[in-house]
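Close look at the chain arrangement
Here is how the chains run, residue by residue.
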Amino acid sequence: MSLTYLTTDELSARIKYDSRTIRDRLKDSVLHEGVHYIRPFGGRKILFIWEKIEEDMGRIAAPGFGIPMANGGVCHG
């Protein structure tokens, strides 16, 4: 399977969030290293994996019971 790797600015354009919001609020709270993004060659640059993000956005947006939390998460139960 071929994956689509995006920079922060490219991801920002796709999901309509400011790139600073992605770096400061979503990265490591909603988007996790090794699942949603990688650091190629152990460097500082971050590449986001579009297919994983798209999959999780659809799963989280699915109807169901959940209590929204102040940090942007959801409590299930």
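Structure: see above.
Report on the accompanying structure. Please read all numbers here as calculations on a predicted model, not as lab measurements.

About the criteria used
Residues numbered from 1 in each chain as written. Predicted model: local features only at pLDDT ≥ 70, side-chain atom pairs only at ≥ 80, totals over all residues. Heavy atoms only, no water. Helix = DSSP H or I, 4+ residues; strand = E, 2+ residues; numbered from the N terminus. Buried < 20%, exposed > 50% of the residue type's maximum accessible area, 1.4 Å probe, protein only. Axes fitted to C-alpha atoms, helices over the stretch in contact; angles between N-to-C directions. Parallel < 35°, antiparallel > 145°, perpendicular 65-115°, else oblique. Contact = heavy atoms within 4.5 Å. Phe/Tyr/Trp six-rings, centres within 6.5 Å; stacked < 30°, edge-to-face > 60°. Lys NZ or Arg CZ within 6 Å of the ring centre and 35° of its normal.

Attention now moves to unusual backbone geometry. Positive phi outside glycine occurs at Lys16, with the angle close to 60°. Position of Lys16 relative to the elements: it lies in the loop between helix H1 (8-15) and helix H2 (19-26). Residue Asp28 is not a glycine yet carries a positive backbone phi of 75°. Judged by its relative accessible area of 45%, Asp28 falls in the partly exposed class.

The next subject is the packing of H1 against H2. At a minimum axis distance of 8 Å, the contact between H1 and H2 shows a crossing angle of 100°. Looking at the two axes, H1 sits roughly perpendicular to H2. Here Thr8, Asp9, Leu11, Ser12 and Ile15 of H1 lie close against H2, whose contacting residues are Ser19, Ile22, Arg23 and Leu26.

A few words on the packing of aromatic side chains. Summed over all chains, the structure comprises one aromatic pair. Measuring from ring centre to ring centre gives 5.7 Å for Tyr37 and Phe48, while their planes differ by 55°; the resulting arrangement is tilted. Here Phe48 lies in strand E3 (residues 47-49) and Tyr37 lies in strand E2 (residues 37-38), a separation of eleven residues in the sequence. The exposure classification of Tyr37 matches that of Phe48, with both residues buried. Above the face of the Trp50 ring, Arg14 is positioned so that its terminal group lies 4.9 Å from the ring centre.

Distances and angles like these do not, on their own, reveal function.
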